[in-house]
Amino acid sequence: MAGISRKYRMLRRSHAMWVSRRVWQPRLVFWAGAISIGLISVLFALLADRAQALFHVMTGTEDGWRFYLPLVMTPLGFVLCAWLAHSFFPGSQGSGIPQAIAARHLRDEDDRSRILSLRLVVGKIALTVVGLACGASIGREGPTVQVGASLMLQAARWGGMAQARGLILAGSAAGIAAAFNTPLAGIVFAIEEMGRAYEARTNGLVLTAVILAGLASLGLLGNYTYFGVAKDTVAFATEWPLVLACGIIGGGVGALFSLLALKVMRRIRRWNALQPLPRALVVAAGCGLAVAMIGVASGGLTFGTGYAQARGAIEGTPLPAFFFVEKFAAGLLSMVSGIPGGLFAPSLAVGAGLGSTLGLVFGTATGTAALLGMAGYFAGVVQAPMTAFVIILEMTGNHDNVIALMCAAMLGYGTARLISNEPLYHALSRVFIAEAIRRRRAEVPAQG
């Protein structure tokens, strides 16, 4: 009996160790995945900043011949990015947020792997950096979402975790949080934009991923506000007309961007269907040349993310009256060109420019008007008002403007819904879902 008892105790201990490993191994892999999102997001940010700096060094000032170098360099860079994306990194085109949304709806592992993978992490980062180095009006924040979702999905594979949809959501939120140093915006983005049918059981995953990615980012870069600290405060008693104008006009212009982008991209997809690669390269070259021409005409202001211009406006330096029109066109062309790159930062720059112009019209402080313009326009583009005002609030560090930003964002969202009831990212995500369905249907006769 004593021998049987000892054997039973040994079996219980081995079973407890096995259960413990089964419980802790997925957690450790998940934590490692979240930390890696933070670290890679920081690396991505540094590479993107270096790429923009390199572009400005290469193109020189308005006085020299190098100022006109983008007329050659930018179209060639667009063609290179489009070719690499089509030939070596299919699924890396565009923002990256539609891919993450689509992956949450796809159930087959192979379908998800075509738009979220470690291969695409490398391609997305590399091609976005190349795009910025040649003057494209793109951002790194949307691509960071696809990178975060890809890393977390890979962690799920290694850790044997079954909650793929929740982990994609967590990786996406961690990507936004680490890209902007905006943990609250990462959580709100996950709830509002990524998971329209949000599941309460994913709360822990999202919070843990955002915290760990944020800690990794803070450890390398320290605590900072993306656009510095906004010092101006909206005075509702005298500036309510500006709030209304920034919300309604910003939302209308943002909806126009979304509407144009969807219509043009649908036409391009139909035109490309017969000869996908050659025609994709023609589109990229044409868009690249147009972006270069706009950049040269604007004195170089529309090249890159627009971060410097938006920050200057928030700090009180008025932008040229038609900067927002030029940046709008450069961002739209960069998006429909098919090269990898996001639209968060360029959209915020357009909004800041629009707000700056409206501030001149209403005779109000540029910093206040830029903030409100950003909220109205961004909410109009993505139709996600909570994400819009929370992300701007965290990026500027001034909580005195929270009610004004909420009003501008909600007005922008409401105006956008009247013009276009199709949210941009979700409309684009359906393209990837449809491709997966067509691929499945094509495989059935082959297997038969």
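Just so we're clear, the structure is a prediction, and the values are computed from it rather than from any experiment.

S.K.: I'm lost on the overall build of the protein chain in this one. Help?
M.R.: From N to C terminus, the protein chain includes 18 helices and zero strands. Per-residue burial for the protein chain yields a buried fraction of 56% across its 448 residues. Counting only contacts in the protein chain whose residues sit at least 6 apart along the sequence, the fraction spanning at least 24 positions is 81%. With the model as given, the accessible surface of the protein chain reaches about 19,100 Å², and the carbon-plus-sulfur share is 66%.

S.K.: Would you take a moment to explain empty space enclosed by the protein for this structure?
M.R.: Rolled over the atoms, a probe sized like a water molecule indicates the empty space that remains. Summed over the entire model, instances satisfying the criterion amount to two cavities of 30 Å³ or more. Lining the largest cavity are 16 residues; nearest its centre among them are Ser137, Phe257, Gly331, Leu343 and Pro346. Contributions of two or more residues to the lining of the largest cavity are made by helix 13 (323-336) and helix 14 (344-362). A total of six residues in the lining of the largest cavity trace back to one element, the largest contributor, which is helix 13. A breakdown of the residues in the lining of the largest cavity according to their chemical character gives nine nonpolar, six polar and one charged.

S.K.: What am I meant to see in the pattern of salt bridges here?
M.R.: Two side chains with opposite charge may pair up if their charged atoms get near one another. Under the definition given, this model contains six salt bridges. With its nearest N and O atoms 3.6 Å apart, the salt bridge here joins Asp111 to Arg439. In this pair, Asp111 is assigned in helix 4 (residues 109-113) and Arg439 in helix 18 (residues 424-447), connecting sequence segments 328 residues apart. One network of salt bridges, in which partners are shared, links Asp108, Asp111, Arg439 and Arg440.

S.K.: I tried to follow the packing of aromatic side chains on my own but got confused; where do I start?
M.R.: What characterises a pair of aromatic rings is the spacing of the ring centres plus the angle enclosed by the ring planes. For the structure on display, the rule yields seven aromatic pairs. With 5.5 Å between their ring centres and 85 degrees between their planes, Trp83 and Phe88 make a pair best called edge-to-face. Residue classification places Trp83 among the partly exposed positions, given a relative accessible area of 35%. Judged by centre distance (4.9 Å) and plane angle (75 degrees), the ring pair of Phe344 and Phe378 falls under edge-to-face. Here Phe378 lies in helix 15 (residues 366-382) and Phe344 lies in helix 14, a separation of 34 residues in the sequence. A residue is classified by how much of its surface remains accessible, and Phe344, at 2% relative accessible area, is buried. Since its relative accessible area comes to 0%, Phe378 is described here as buried. By way of ring pairs, the aromatic residues Phe189, Phe344, Phe378 and Tyr425 are connected into one cluster.

S.K.: Could you clarify how one ought to interpret the environment of Gly186 in this entry?
M.R.: Relative to the helices and strands, Gly186 resides in helix 8 (residues 183-194). What Gly186 contacts, discounting residues up to four positions off in sequence, is Ala173, Ile176 and Ala177.

S.K.: So what exactly am I meant to see when it comes to the layout of surface pockets here?
M.R.: In this model, the largest pocket occupies a volume close to 1,100 Å³. What lines the largest pocket is a set of 35 residues, among which Gln93, Arg269, Val431, Phe432 and Glu435 lie closest to the centre. Only helix 2 (70-87), helix 3 (97-105), helix 10 (236-272), helix 11 (276-297), helix 13 and helix 18 provide two or more residues apiece to the lining of the largest pocket. With seven residues, the top contributor of residues to the lining of the largest pocket is helix 18. For the lining of the largest pocket, the class distribution of residues is 18 nonpolar, 10 polar and seven charged. Looking at the lining of the largest pocket, you find at least three residues from each of domain 1 (27-221) and domain 2 (239-434).

S.K.: Before we go on, may I ask you to explain a positive patch on the surface in this structure?
M.R.: On the surface, a cluster of positive charge is made up of Lys263, Arg267, Arg269, Arg270 and Arg438. In terms of residue count, helix 10 provides more of the positive patch than any other element does, four residues in total. Tracing the chain through its elements places Arg438 in helix 18. You can call Arg438 exposed: its relative accessible area is 52%.

S.K.: In this structure, what is going on with the nonpolar core? I would like to understand it.
M.R.: The nonpolar side chains of soluble globular proteins are, as a tendency, buried together. Counting 122 residues, the largest nonpolar core has Phe257, Phe344, Leu372, Ile392 and Leu424 as its most contacted members. Of the residues that make up this core, three or more belong to each of domain 1 (27-221) and domain 2 (239-434). Beyond its immediate stretch of four places on either side in the chain, Phe257 contacts Phe328, Gly331, Leu332, Met335, Leu343, Tyr377, Val381 and Leu424. The next biggest cluster of nonpolar side chains, apart from the first, holds five residues, and it includes Ala85, Phe89, Leu120 and Leu127.

S.K.: Hey, could you run me through the state of the cysteines in this one?
M.R.: Here is the idea: a disulfide is a covalent bond, and it sits between the sulfur atoms of two cysteines. One pass over the structure, following the stated rule, counts zero disulfides. Lacking any disulfide linkage, Cys134 is separated from the closest cysteine sulfur, that of Cys81, by 5.3 Å. For Cys134, a relative accessible area of 4% gives the class buried.

S.K.: Where do I start with the environment of Phe88 in this structure?
M.R.: With respect to the element layout, Phe88 can be found in the loop between helix 2 and helix 3. Measuring from C-alpha to C-alpha, the distance between Phe88 and Arg119 comes to 9.2 Å, with 31 residues separating the pair along the chain. Apart from the residues lying within four places of it in its own chain, the contact partners of Phe88 are Trp83 and Arg119.

S.K.: Which parts of the structure should I look at to understand the packing of helix 16 (residues 385-396) against helix 17 (residues 402-419)?
M.R.: It is the contact of helix 16 with helix 17, at a shortest axis distance of 8 Å, that shows an interaxial angle of 145 degrees. Remark: the crossing between helix 16 and helix 17 carries right-handed chirality. Between helix 16, through Pro385, Ala388, Phe389, Ile392 and Leu393, and helix 17, the contact on the second element is made entirely by Val402, Leu405, Met406, Ala409, Met410 and Tyr413. Counted by class, the contact of helix 16 with helix 17 contains 11 nonpolar, no polar and no charged residues.

Reading the values: rules and limits
- Residues numbered from 1 in each chain as written.
- Predicted model: local features only at pLDDT ≥ 70, side-chain atom pairs only at ≥ 80, totals over all residues.
- Heavy atoms only, no water.
- Helix = DSSP H or I, 4+ residues; strand = E, 2+ residues; numbered from the N terminus.
- Buried < 20%, exposed > 50% of the residue type's maximum accessible area, 1.4 Å probe, protein only.
- Contact = heavy atoms within 4.5 Å.
- Areas by Shrake-Rupley, 256 points an atom, 1.4 Å probe, with all protein chains shown as cover.
- 1 Å grid on protein atoms, 1.4 Å probe; cavity = no way out; pocket = protein on both sides within 12 Å on 5 of 7 lines; lining within 4 Å.
- Points joined across faces, edges and corners; volume = space filled by probe spheres on them.
- Nonpolar A, V, L, I, M, F, W, Y, C, P; charged D, E, K, R; others polar.
- Salt bridge = Lys/Arg side-chain N within 4 Å of Asp/Glu carboxyl O.
- Phe/Tyr/Trp six-rings, centres within 6.5 Å; stacked < 30°, edge-to-face > 60°.
- Domains from an automatic or database assignment.
- Patch = residues over 30% accessible without salt bridge, like charges linked within 9 Å, V, L, I, M, F, W, Y side chains within 5 Å.
- Lys, Arg positive; Asp, Glu negative; His and termini not counted.
- Charge placed at Lys NZ, Arg CZ, Asp CG, Glu CD.
- Core = buried A, V, L, I, M, F, W, Y, C linked by side-chain atoms within 4.5 Å.
- Disulfide = S-S within 2.5 Å.
- Axes fitted to C-alpha atoms, helices over the stretch in contact; angles between N-to-C directions.
- Left-handed = near helix turned anticlockwise from the far one by under 90°.

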